[in-house]
Amino acid sequence: MHKSFALGPFCQLLTMRHLPLKGPLRDEQLEVIEQGGVIIRDGKIAAIGPFERIRRVAKEDGLGIKAIEKPMVALPGFIDAHTHLCFAGSRAKDYALRAEGKTYLEIAKAGGGIWDTVMKTRAAAPAELEALSVQRAQRHFLGGVTTIEVKSGYTLTIEGELKMLRAIQATQTQVKADLIPTCLPAHIVPKDFIGDEIAYIQHMLTHFFPIVQAEGLAQRADIFVEEGAFSVKAATLYMQALQQQGFDLTVHADQFSLGGSALAVRHKARSADHLEASGEAEIKALAASEVIPVALPGASIGLGCEFAPGRRLLDAGASLAIASDWNPGSAPMGDLLTVASIYGMFEKLSTAEVLAGIGFRAAAALGLSDRGRLIEGQIADIVAFPVDDYREILYQQGQLRPGGVWKRGR
Ligand code: NIG
Ligand code: FE
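A few points on the structure. (Residues numbered from 1 in each chain as written. Chains lettered and ligands numbered in written order. Predicted model: local features only at pLDDT ≥ 70, side-chain atom pairs only at ≥ 80, totals over all residues. Heavy atoms only, no water.)

1. Description of the overall build of the chain
Looking only at helices and strands, the chain features 17 helices and 15 strands. In summary, the chain has a C-alpha radius of gyration of 21 Å against a globular reference of 22 Å for 410 residues, a match within 12%. In terms of overall dimensions, the chain has C-alpha extents of about 70 × 45 × 40 Å along its principal axes. Expressed as a percentage of the 410 residues in the chain, the buried residues total 61%. (Helix = DSSP H or I, 4+ residues; strand = E, 2+ residues; numbered from the N terminus. Rg over C-alpha atoms; globule rule 2.2 N^0.38 Å. Buried < 20%, exposed > 50% of the residue type's maximum accessible area, 1.4 Å probe, protein only.)

In structure tokens form, the structure reads like this:
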């Protein structure tokens, strides 16, 4: 199906080779191949190294060379481990209210917030949801994002959540990026179950998740643990049951109040996301676990509140992924590179730490080990920027757009 070929020369190739999954990273640890090239075979990286050698090997093996004419820096395609890009409607009204000083939780209590998007997404036809998701996933791909997690969670009914997951599945057939679907029926308690979160969780466990499994719609499940969303008690029930059914778990944790990240640790979730409210105890527990902390700076920027303690997490020995959280409420901008660049500067993260956070550490948050590094055997997801120094990429804070994006070598 795919042909084998050589690609290069890139003036710098960042491989991310040998960098550990957890703890701080310094830029000196980055392997930068000057004038580098790759050989791609069946969508995977077969060889990587100085272009002189790559060209020789290509010649010996009779492979074609796709020449890179302009100076470009190449690195692994970006991985966005947390988005809600399948949604209908706008929440510009909420945004303006927040700018006037109303809080996210106040707006939610007054009937805006997530519930507003739920009403609009329930009303959207499948084809409309699909078209919106295709448009957003394509925009992300042009920004260099080759793997995108996408959550359900904006209908909170069995049929509606299935509609969302099927729209995500249909989107996958029309976009180049890999979409990783996640079930989020436990986003907030829907109006018809208010006051009985346990009954709602049980309803979804019994009637929704078996269909998800039967149709192969998703292998991951998420829950928003928060005042106004789900309690630790309800989340415990949800996570225990889904773990037994073989779902990978992730949690919207410690956004405004605590409890979520401890649950993620206890139930061996793949990731704990948000963490703006996490303190010393939470940081320590995450660092001692295999859970990947995921910072969502786009939500801090969209809400005007503090960032997750990325520096402290890394220094404590934890991993750190950075995701866009693209959603109509808290994170409407949705640009992964922009939010990661800004977050890196505010949190004092090295370039290596930021790139790892939207690279192999984000892959780990999704349980994926086949991407995030440009090394032999990994899939050939590559993004290249028209600059001659990799530090330009974060420096331009999202305004530098890729000159090329390859998905499995295409
Ligand atoms: O990750 N915190 C909960 N969920 C989303 C926001 C969803 C929304 O406001 O529509 C988040 O920030
Ligand atoms: Fe989210």
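2. A word on the site of ligand 1
Near ligand 1, the surroundings consist of 15 residues, among which Arg91, Tyr104, Tyr154, Asp325 and Ser330 are the closest. For ligand 1, an oxygen atom lies 3.0 Å from a polar atom in the side chain of His252. In the environment of ligand 1, an oxygen atom lies 2.9 Å from a nitrogen or oxygen atom belonging to the side chain of His274. Considered on its own, ligand 1 offers 330 Å² of accessible surface; in the complex 100% of this is hidden by protein. (Near = heavy atom within 4 Å. Polar contact = N/O pair within 3.5 Å; in protein donor to acceptor, adjacent residues only side chain to side chain. Areas by Shrake-Rupley, 256 points an atom, 1.4 Å probe, with all protein chains shown as cover.)

3. A look at the coordination of the iron ion (ligand 2)
Surrounding the iron ion (ligand 2) are the protein donor atoms His82 (NE2), His84 (NE2), His252 (NE2) and Asp325 (OD), at 2.0 to 2.3 Å. Going along the chain, you hit the donors of the iron ion (ligand 2) in the pattern H-x1-H-x167-H-x72-D. Placement of His84 in the loop between strand 6 (78-80) and helix 2 (92-99) and of His252 in strand 10 (residues 248-253) is noted, with a sequence separation of 168 residues between them. Residues His84 and His252 agree in their burial class; the two are buried. (Donors = N, O, S within 2.8 Å, 3.2 Å for Na, K, Ca; no water.)

4. Details of the layout of surface pockets
If you add up the space inside the largest pocket, you get close to 490 Å³. As for the largest pocket, its lining consists of 21 residues, of which Ile188, Val189, Ile194, Gly228 and Ala229 are closest to the centre. Mapped by element, the contributors of at least two residues to the lining of the largest pocket are helix 3 (104-109) and helix 4 (114-123). Sort the elements by how many residues they give to the lining of the largest pocket and helix 3 lands first, with 4 residues. (1 Å grid on protein atoms, 1.4 Å probe; cavity = no way out; pocket = protein on both sides within 12 Å on 5 of 7 lines; lining within 4 Å. Points joined across faces, edges and corners; volume = space filled by probe spheres on them.)

5. Here we look at unusual backbone geometry
Omega for the bond connecting Gly8 with Pro9 falls within 30 degrees of zero, at 0°, which places this linkage in the cis form. Tracing the chain through its elements places Pro9 in strand 1 (residues 5-14). We note that Asp325 has phi near 60°; this positive angle belongs to a residue other than glycine. Tracing the backbone through its elements, the reader meets Asp325 in the loop between strand 13 (321-322) and helix 14 (336-347). Even without a glycine there, the phi angle at Gln397 is positive, about 45°. The topology assignment puts Gln397 in the loop between helix 17 (392-395) and strand 15 (404-406). Gln397 gets classed as partly exposed once you look at its relative accessible area, which sits at 41%.

6. Considering the pattern of salt bridges
Between side chains of opposite charge, pairing is possible as soon as their charged atoms come close. For the structure on display, the rule yields 24 salt bridges. Arg55 is paired through a salt bridge with Glu52; the nearest N and O atoms lie 2.6 Å apart. With a gap of 3 residues between them, Arg55 and Glu52 both fall in helix 1 (residues 51-60), about one helical turn apart. Classification of Arg55 as partly exposed rests on a relative accessible area of 37%. For Arg166, the salt bridge is made with Glu159, and the minimal N-O distance between the two is 4.0 Å. Taken together, the shared-partner salt bridges in this structure form one network comprising Asp178, Asp370, Arg371, Asp381, Lys407 and Arg408. (Salt bridge = Lys/Arg side-chain N within 4 Å of Asp/Glu carboxyl O.)

7. Re the sheet that holds strand 10
The 8 strands are arranged 6-7-8-9-10-11-12-13 in an open sheet whose pairing can be described as parallel. Where the open sheet ends on each side, the last strands, each with one partner, are strand 6 and strand 13. Judged from the 3 bridges that link them, strand 6 and strand 7 (residues 145-151) form a sheet pairing that is parallel. Across the sheet, the residue bridging to Ile79 is Thr147, located in strand 7. Across the sheet, helix 9 (residues 232-244) lies against strand 8 (178-186), strand 9 (220-224) and strand 10, angled at about 175° from strand 9, the strand it touches most. (Pairing = 2+ DSSP bridges. Contact = heavy atoms within 4.5 Å. Axes fitted to C-alpha atoms, helices over the stretch in contact; angles between N-to-C directions.)

8. Examining empty space enclosed by the protein
A complete count under the given rule lists 3 cavities of 30 Å³ or more for this structure. Empty space within the largest cavity amounts to approximately 90 Å³. Lining the largest cavity are 13 residues; nearest its centre among them are His84, Tyr104, His187, Asn327 and Ser330. Taken together, the residues of the lining of the largest cavity break down into 4 nonpolar, 7 polar and 2 charged. Lining the second largest cavity, in full, are Arg139, His140, Gly143, Val145, Gly334, Asp335, Leu336, Leu337 and Arg401. For the lining of the second largest cavity, the per-class residue count stands at 3 nonpolar, 3 polar and 3 charged. (Nonpolar A, V, L, I, M, F, W, Y, C, P; charged D, E, K, R; others polar.)

9. Regarding the packing of aromatic side chains
Following the criterion strictly, the structure yields 10 aromatic pairs and no others. Arranged with centres 5.0 Å apart and planes meeting at 70°, the rings of Phe208 and Phe209 form a pair that is edge-to-face. Exposure class is identical for Phe208 and Phe209. Each is buried. Centre to centre, the rings of Phe209 and Phe247 are 5.2 Å apart; their planes meet at 75°, and the pair counts as edge-to-face. One end of the pair, Phe209, is in helix 8 (residues 209-215); the other, Phe247, is in the loop between helix 9 and strand 10, with 38 residues separating them in the sequence. Overall, the relative accessible area of 0% leaves Phe209 in the buried class. Using a relative accessible area of 4% as the deciding quantity, one classes Phe247 as buried. Lying across the ring of Phe87, Arg136 places its NZ or CZ 3.6 Å from the centre. (Phe/Tyr/Trp six-rings, centres within 6.5 Å; stacked < 30°, edge-to-face > 60°. Lys NZ or Arg CZ within 6 Å of the ring centre and 35° of its normal.)

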